[in-house]
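Each chain is listed here by its residues.
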Amino acid sequence: MKVASALLLASAALLSAGTAKAEAPQVIVSVKPIHSLVAAIMKGVGEPGLIVEGAASPHTYNMKPSNAQKLQDANVVFWVGHGLEAFLDKPLDALGGDATVVALEDAPGLTKLKFREGGAFEAHDHGEHEGEEGHAHAGEHAHEDGHTHEEAGAHHHEEGEFDMHLWLDPVNAKAMADEIEKTLVKVDPANADTYAANAKALDEKLDALDKELADIVAPVKDKPFIVFHDAYQYFEHRYHVRVAGSITVSPENMPGAERIAEIHKKVGDLGATCVFAEPQFEPKLIKVVTEGTPAKSGTLDPEAATLTEGPDLYFDLMRGIATSLKTCLSEAS
């Protein structure tokens, strides 16, 4: 009888564990930096799935059947928004009302910056907004006049008007984390205490990271540099570093000979500086635009292509950017 009772108790425990696991929401996230924030808040409850895995980029991503199945199974979907992951538009529309879909570009408290153009920044093709006054020009700091700041939640802006690399400011990451926590608590109130505790710990870590990044880049913040694509406004805005231009606006549109010549001249005009490649895209272009100039070259990874997903990825991503900037710009005379 004792053996039978023990077996019954063990079976009950297994059933209970299986039930608890089933009750955890199925969460899917579009890109690695956002996935990292979600994973940190879900720690101890479950692990979110990821759509854009490995070294893939949301700019050039094509949906796979396995991605579609993950979306169909999801209770909650977190993405940045149409301006970044356009490949998700139709799949998300097809979900109907079966899942909670959260576009984090609408999280309250975000700072949102308009695309910039002119000088060493290419014009963006966004209709009536093209050529609009108020975009930053080459060499200007992103924290100066020339950007529009919007409280998220306002839907009056045109699609594609804002730079969607929102996570490259830890203060924006804090705002998105708050929206992630609120969503998870609403969907899964049974685990509300865990989500709240994790979100509080994450908020404190992001505050510490903000101070750390400011200290890392402080010695080189006045040195101008060129980036592969204009993805760094939020980092620039937060830490007052000097992005002087980009080789291309979007990685899916490779620059022509005229554009490369323009950037080559800009690099020469700036004197010794740095030109940064990205892991997924045409690093040989960097060699072309720096040839015959004193400029150094480096690599920045704004979408975490080279990093392994998980709760620590966001911190590795941001430290990596700051450290790469400091290393290259310190070597530039």
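Preceding this paragraph is the structure being described.
Everything numeric here is computed off the predicted structure, so don't read it as measured data.

## Regarding the overall build of the chain
Along the chain, the regular secondary structure elements total ten helices and eight strands. Burial status across the chain gives 50% buried among its 333 residues. Long-range pairs, those at least 24 residues apart, make up 67% of the contacts in the chain with a sequence separation of at least 6. Surface accessibility of the chain: about 15100 Å² in total, with carbon and sulfur atoms responsible for 52%.

## Topic: the sheet that holds strand E8 (residues 296-299)
With respect to topology, four strands assemble into an open sheet ordered E6-E5-E7-E8, the strand pairing being parallel. Two strands in the sheet have a free side with no partner beyond their single neighbour: strand E6 (242-248) and E8. Averaged over all pairs of adjacent strands, the angle between their axes in this sheet comes to 25 degrees, without regard to strand direction. Two elements, strand E7 (residues 274-277) and E8, share four bridges in a ladder whose sense is parallel.

## Re the nonpolar core
Note on soluble globular proteins: their nonpolar side chains tend to be buried together. Ile34, Phe78, Trp167, Met176, Phe225, Phe235 and Tyr314 are the most contacted members of the largest nonpolar core, which totals 76 residues. A per-element tally of this core places helix H10 (residues 313-331) first, with ten residues. Within the second largest apolar cluster, 14 residues are counted, among which are Ala277, Phe281, Val289 and Ala295.

## Quick word on the packing of aromatic side chains
This model, assessed by the stated rule, comprises four aromatic pairs. Look at phenylalanine 235 and tyrosine 239: their rings are 4.9 Å apart centre to centre, the planes differ by 55 degrees, and that puts the pair in the tilted class. Highlighted residues: phenylalanine 235 and tyrosine 239, both in helix H7 (residues 233-239), separated by four residues, approximately one helical turn. Comparing phenylalanine 235 with tyrosine 239, the two get one shared label, buried. Seen from the ring of phenylalanine 162, lysine 112 lies directly overhead, with NZ or CZ sitting 5.2 Å from the centre.

Rules behind the numbers
Residues numbered from 1 in each chain as written. Predicted model: local features only at pLDDT ≥ 70, side-chain atom pairs only at ≥ 80, totals over all residues. Heavy atoms only, no water. Helix = DSSP H or I, 4+ residues; strand = E, 2+ residues; numbered from the N terminus. Buried < 20%, exposed > 50% of the residue type's maximum accessible area, 1.4 Å probe, protein only. Contact = heavy atoms within 4.5 Å. Areas by Shrake-Rupley, 256 points an atom, 1.4 Å probe, with all protein chains shown as cover. Pairing = 2+ DSSP bridges. Axes fitted to C-alpha atoms, helices over the stretch in contact; angles between N-to-C directions. Core = buried A, V, L, I, M, F, W, Y, C linked by side-chain atoms within 4.5 Å. Phe/Tyr/Trp six-rings, centres within 6.5 Å; stacked < 30°, edge-to-face > 60°. Lys NZ or Arg CZ within 6 Å of the ring centre and 35° of its normal.

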